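Each chain, letter by letter, is given below.
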Amino acid sequence: MASDNEKLSAREKLSYGFGDLASCLYWQTISQYLAIFYTDYFGISALAAGAMMSLSRSADAFVDPLVGMLSDRTRSRWGKYRPYLLFGCIPLAIAGVLTFTVPSFSEHGKLIWAAITFNVMMILYTTINIPYTALLGVMTSNSTVRTTLSSIKYVGAYTAGVIVSATLLPMVKVGGWLGVSSPTKGFQYAFIIYGAAAVVFFLVVFFNTRERVQSPKVHGQTMLGSIGRDLGDLVTNGPWIMLLVSTISFILFVSLRGSATAHYFKYYVGPHTITLPDVFFLPRSVRGQHVWTWEYLVSFFNTTNQALSILGAMLVPFVARWLGNKTTFITLFTIAILSTASFYFLRPDQLVLIYLINAAGSITGGPLSALIMAMYADTADYAEWKKGRRTTGLIFSASIFAQKQGWGLGSGLSLILMSQVGFVPNVAQTAESLHGLVLLMSILPAALGMVCFILILFYPLNERRMAEIGEELKKRRAADGTDSTVLA
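Before going into details, it helps to say that this report is about the structure given with it.

How each quantity is defined
- Residues numbered from 1 in each chain as written.
- Predicted model: local features only at pLDDT ≥ 70, side-chain atom pairs only at ≥ 80, totals over all residues.
- Heavy atoms only, no water.
- Core = buried A, V, L, I, M, F, W, Y, C linked by side-chain atoms within 4.5 Å.
- Buried < 20%, exposed > 50% of the residue type's maximum accessible area, 1.4 Å probe, protein only.
- Helix = DSSP H or I, 4+ residues; strand = E, 2+ residues; numbered from the N terminus.
- Contact = heavy atoms within 4.5 Å.
- Salt bridge = Lys/Arg side-chain N within 4 Å of Asp/Glu carboxyl O.
- Axes fitted to C-alpha atoms, helices over the stretch in contact; angles between N-to-C directions.
- Parallel < 35°, antiparallel > 145°, perpendicular 65-115°, else oblique.
- Left-handed = near helix turned anticlockwise from the far one by under 90°.

Section: the nonpolar core
- Of all hydrophobic cores here, the largest spans 133 residues; its most connected members are Y38, F333 and Y376.
- The element best represented in this core is helix α1 (residues 10–42), accounting for 16 residues.
- Discounting residues that sit within four places of it in the chain, Y38 has contacts with G43, I44, A49, M52, M53, T99, A114 and F118.

Below is the structure:
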């Protein structure tokens, strides 16, 4: 038997990151390109798409806690959380292809198809991603190692972002990498490829990780009473509530801007003639003078965004050991918010500044999600310390719930605001519509970021507090005999 505090192997740590590499092939496409897919390719209005995506998230209030509680109660030879990766990966791949399939229906029929396929995909995404994320809380009880795991998790996420940003639009483009005759076929074929890759990546996590931290033993309680107590413990967990609201506002900060990025480049920045030097490290196809279409400009923007986020996520464990999770978050978020707000002052021809300022925001904003996720694991420890019960899946269902709420509200709000300022797809935009796109890339997300920033200032679980809680839990688990079981 391996001790809970035994160091995890490099193989296990890296394998855990493949789960977000798989998940974010879907998530990055949804957050960056689903809005423009629905308005410019699928054939429904910005208002209808925005309302559908925003309203669809209301079901998460029931689905996410249900998946969390179900995974907490799962008993199998593979553990509580890993079986969901094994049995959920193929259905999710199928749902992804259907979501990006355009049927020959009327606009009303298409809206119904979009609502059904989108919601089925998000439910299946939840069914895998909540147990996968909860796995972070039971692989080790060491808070520092959890921050490292969370960092690796987000390296996987941002790697998926690089893949999606660099490959999706070139695959979708008519005559592009896949040689498709229409962009709609390109989206469908791309998701056949992404889905197959995601299945492999989820299986890497399943076969190479282990669950070590066991829940305290609870006796003499019915299933209904247990569920009621779980929910009661959750809503009285003060640090968890703060993180829930903080995560929603943080994802709103990210998604409001991310959903508008493709529209911003297509309609505000537009194509540019760019001359690149004839140097060996650049592909020959881009050297010299070329007209860069908006597809290639936004692909480069999003790719560099994700690549620099990887660098930030790799550096954050070292910075967090020095400053602590909370101070690191506040410092990095200050730079990210200022970088976002400054986009309000940039003109379409200032491409160099657009990319440089985005680089500053990416390298500082990228690690923030990893820090928040590590904090959720700490709130699970806090709940066990205070209540004597551990509901890791339910705790982490909040992180997925908050992400989906923030993304759904952000994307929906972005499309609704665009419709209110006169946005019409595939035509030249009015000055009012263009100004709206600039606001969605700058001032509006920065304001939402400030809400998250203020909440984190009051978050109570700092490193000293978690060290005290960790020592107490170690003693309790040793006395209870639940500290050393490793599931195969």
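Brief notes about the side chain of S433
- Of note, S433 is situated in helix α15 (residues 431–441).
- Other than its neighbours up to four places away in sequence, S433 contacts V421, G422 and F423.

Describing the pattern of salt bridges
- Counted by the stated rule, this structure contains eight salt bridges.
- Notably, a salt bridge pairs E295 with K173, separated by 3.9 Å at the nearest N-O pair. Note that E295 is positioned in helix α10 (residues 294–323) and K173 in the loop between α6 (143–172) and α7 (183–208), a separation of 122 residues in sequence.
- Looking at K173, the relative accessible area reads 29%, which means it is partly exposed.
- Between E472 and R476 there is a salt bridge, with its nearest N and O atoms 3.3 Å apart. Here E472 and its partner R476 are both found in helix α17 (residues 463–480), four residues apart, which amounts to about one turn of the helix.

Considerations on the packing of helix α9 (residues 238–269) against helix α13 (residues 368–387)
- At a minimum axis distance of 10 Å, the contact between α9 and α13 shows a crossing angle of 160°. Accordingly, the angle class assigned to the pair α9 and α13 is roughly antiparallel. Our pair here, α9 against α13, has a crossing hand that is left-handed. In contact with P239, W240, L243, L244, T247 and F250 of α9, α13 contributes L368, S369, I372, M375, Y376, T379 and Y382.

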